[in-house]
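Structure assessment
Residue-level listing of the chains:
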Amino acid sequence: MRMDELLKVAARPTGAGEMFQLLRDGQPRTRSDLATLTGQARSTIAARVEALLSSGFVSPAGEASSTGGRPPATFAFNPAARVVLAVDLGATHSRLALTDLAGTVLAEHAEPIAIAEGPGPVLDRVVELGLGLLGTAGRPASDLASVGVGLPGPVEHSTGRPINPPIMPGWDDADVPGLLARKLGVPVLVDNDVNLMALGEHTSQWPDVDHLLFVKVATGIGAGIISDGRIRRGAQGAAGDLGHIAVPGGSDRPCRCGNTGCLEAVASGPAIASALPDATTSADVVALVRSGDLAASREVREAGRHIGEVLAACVSMLNPSVIVIGGVVAEAGEHLLAGIREVVYRRSLPLATQHLRIVTSRTLGRAGVLGASAMASDHVLSAVAIDALLS
């Protein structure tokens, strides 16, 4: 937790849940420290510390230095108290991770899937794999506190239900949280996969960057928006849907959404593959680029230029300081990035690009599960949830 956030928490009326937020940064604190931060009586602080210790979410952290007398005991957040299951589902892949409450991966598994098989078979497999990861990590099912899930389509965040997802036949309005909660017995939170990738990249790699865009280029194209240090979903959770913005200059190429000329129709992995005789998937495109195929490299760079056209408008509107490019096609390397940079730096105003960095993802394919873990953990560790646990 940054100092400005810590001071805001300390300024609020502090129950046990709010006081716990002061400990979430992992820094050991004494009862006296907590009394100074909250302005509450030491007897109140002592009672709340004892309650948090009994929950397991806080544990002893040794003794503080002393200028005389007995050194005071310190206490800190215990991220190992519970675990969360993080699930990243794509059109053709799945990655699951079991993490502690600080996002440390304890066990993980990745395998191909076909999202078009529908929610029943796919989510049954998620449950099977999730229980297997608990066994691998040596944690009982009772330690599971929550589940975070990313889906490759529009999600109404308040309900966790996918809404008319273009690449997910059979999933429209599926009660994903309910289906998983009934089998795993814990709260389930669901979001668009790119929002979670943005959250994962931000929390694990760019925690001090308050304005970041994460752009996924794969079967589809989408963006997650971090502004003022927080994920921004928009009114219904549809913010960041870059893939269905019309590319400047026009195109009559049909898109699966029913329109023509969408960015996804001209610059996604399948769109690039359609222009190459030896490719049918995003992975094929990446393999051709890595093998030195000049035609594939040209197509990827041109796709980057199309993406740059749309991102230039985003830069002018949102003024991010970092744009992270992820997804399978980003594995093609500098060809995609060069095309994006070429157009963004040319088309955006100098003030907006003065300190702008455009980089590839640093999370090695883990951005989605790290974001799902952060979302699930934040739910478990919120002031409201902690107070409910202790009541």
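Quick summary incoming for the structure in this document. (Residues numbered from 1 in each chain as written. Predicted model: local features only at pLDDT ≥ 70, side-chain atom pairs only at ≥ 80, totals over all residues. Heavy atoms only, no water.)

1. Some details on the overall build of the chain
When helices and strands are counted, the chain shows 15 helices and 15 strands. For 391 residues, the compact-globule estimate of 2.2 N^0.38 gives 21 Å, and the C-alpha radius of gyration of the chain, at 23 Å, lies within 12% of that figure. Judged by the C-alpha coordinates and their principal axes, the chain covers about 75 × 50 × 40 Å. The proportion of buried residues among the 391 residues of the chain is 50%. Sequence separation of 24 or more characterises 60% of the internal contacts of the chain that already satisfy a separation of 6 or more. Side chains of the chain give 32 positive and 39 negative charges; the mean places of these two sets differ by 5 Å. (Helix = DSSP H or I, 4+ residues; strand = E, 2+ residues; numbered from the N terminus. Rg over C-alpha atoms; globule rule 2.2 N^0.38 Å. Buried < 20%, exposed > 50% of the residue type's maximum accessible area, 1.4 Å probe, protein only. Contact = heavy atoms within 4.5 Å. Lys, Arg positive; Asp, Glu negative; His and termini not counted. Charge placed at Lys NZ, Arg CZ, Asp CG, Glu CD.)

2. Some points on the sheet that holds strand β13 (residues 230–232)
Pairing within the open sheet is mixed, and its five strands lie in the order β13-β12-β11-β14-β15. Lying at the two open borders of the sheet, with one neighbouring strand each, are β13 and β15 (357–360). Taking each pair of neighbouring strands and ignoring which way they run, the sheet shows an average axis angle of 25 degrees. Bridging between strand β14 (residues 322–326) and β15 involves four bridges; their strand directions are parallel. Counted as the bridge partner of Ile 325 is Thr 360 from β15. In this fold helix α12 (residues 334–347) packs onto β11 (212–217), β14 and β15, with an angle of close to 165 degrees to the strand it touches most, β15. (Pairing = 2+ DSSP bridges. Axes fitted to C-alpha atoms, helices over the stretch in contact; angles between N-to-C directions.)

3. Some points on the nonpolar core
In terms of nonpolar packing, the biggest core is built from 39 residues, with Val 215, Leu 242, Ile 307, Leu 311, Ile 323, Ile 325 and Leu 336 touching the most fellow members. Of all the secondary structure elements, the ones that give two or more residues to this core are β11, β12 (221–227), α8 (263–267), α9 (269–273), α10 (282–290), α11 (294–318), β14 and α12. In terms of residue count, α11 provides more of this core than any other element does, eight residues in total. Core analysis: the next-biggest nonpolar cluster, separate from the first, contains 32 residues, Val 83, Leu 134, Ala 174 and Leu 184 among them. (Core = buried A, V, L, I, M, F, W, Y, C linked by side-chain atoms within 4.5 Å.)

4. Re the packing of aromatic side chains
Each aromatic ring pair is summarised here by two numbers: the centre-to-centre distance and the angle between the ring planes. This structure, assessed with the given rule, holds two aromatic pairs. Ring centres of Phe 20 and Phe 57 lie 6.3 Å apart, and the angle between their planes is 70 degrees; on these two criteria the pair is classed as edge-to-face. Remark: Phe 57 occurs in the loop between α4 (42–55) and β2 (58–63) and Phe 20 occurs in helix α2 (residues 16–21); sequence separation between them is 37 residues. For the pair Phe 20 and Phe 57, one class covers both residues: buried. Seen from their ring centres, Phe 20 and Phe 77 are 5.6 Å apart, and the 80 degrees between their planes marks the pair as edge-to-face. (Phe/Tyr/Trp six-rings, centres within 6.5 Å; stacked < 30°, edge-to-face > 60°.)

5. A short note on the pairing of β14
Taking burial as the measure, the five residues of β14 include five buried ones, the bulk of the element. Residues Val 322, Val 324 and Gly 326 point to one face of β14 and Ile 323 and Ile 325 to the other, with burial holding for every one of them. Of the strand pairs in this sheet, β11 and β14 are connected by five bridges, and their pairing is parallel. The residue of β14 that forms the bridge with Val 215 is Ile 325.

6. Examining the side chain of Asp 88
Along the polypeptide, Asp 88 turns up in strand β4 (residues 83–89). A polar side-chain atom of Asp 88 sits 3.3 Å from a polar atom in the side chain of His 93. Those residues in contact with Asp 88 that lie beyond four places of it in its chain are His 93, Ser 94, Arg 95, Gly 150, Asp 193, Met 197, Gly 368 and Val 369. (Polar contact = N/O pair within 3.5 Å; in protein donor to acceptor, adjacent residues only side chain to side chain.)

7. So, the pattern of salt bridges
Taken as a whole, this structure holds 20 salt bridges when the rule is applied. Measuring nitrogen to oxygen at the nearest pair gives 3.5 Å for the salt bridge that ties Arg 301 to Glu 342. Placement of the pair is Arg 301 in helix α11 and Glu 342 in helix α12, with a sequence separation of 41 residues. Residue Arg 301 is classed as partly exposed on the basis of its relative accessible area of 31%. Between Glu 342 and Arg 346 there is a salt bridge; the shortest N-O distance is 4.0 Å. Here the residue Glu 342 and the residue Arg 346 both occupy positions in helix α12, the gap between them amounting to four residues, near one helical turn. When its relative accessible area of 30% is taken as the criterion, Glu 342 is described as partly exposed. (Salt bridge = Lys/Arg side-chain N within 4 Å of Asp/Glu carboxyl O.)

8. As for unusual backbone geometry
Even without being glycine, Asn 164 reaches a positive phi, approximately 45 degrees. Within the secondary structure, Asn 164 sits in the loop between β9 (161–162) and α6 (176–184). We note that Asp 228 has phi near 55 degrees; this positive angle belongs to a residue other than glycine. Relative to the helices and strands, Asp 228 is located in the loop between β12 and β13.

9. Quick notes on the side chain of Glu 201
Considering the arrangement of structural elements, one finds Glu 201 in helix α7 (residues 193–205). Despite its burial, Glu 201 pairs with no opposite charge; the closest candidate is Arg 362, at 5.8 Å N-O. At a separation of 3.0 Å, a polar atom in the side chain of Glu 201 contacts the side chain of Thr 363. Other than its neighbours up to four places away in sequence, Glu 201 contacts Trp 206, Phe 214, Val 324, Ser 361, Arg 362, Thr 363 and Ala 367.

10. With respect to the sheet that holds strand β1 (residues 29–30)
Strand pairing within a sheet occurs via backbone hydrogen bonds; the two strands may be parallel or antiparallel. Spatial strand order, β1-β3-β2: three strands in an open sheet with antiparallel pairing. The sheet is open, and its two edges are formed by β1 and β2, each paired on a single side. As paired elements, β2 and strand β3 (residues 73–77) share four bridges and run antiparallel to each other. Looking at the pairing, Ser 59 lines up with Ala 76 of β3.

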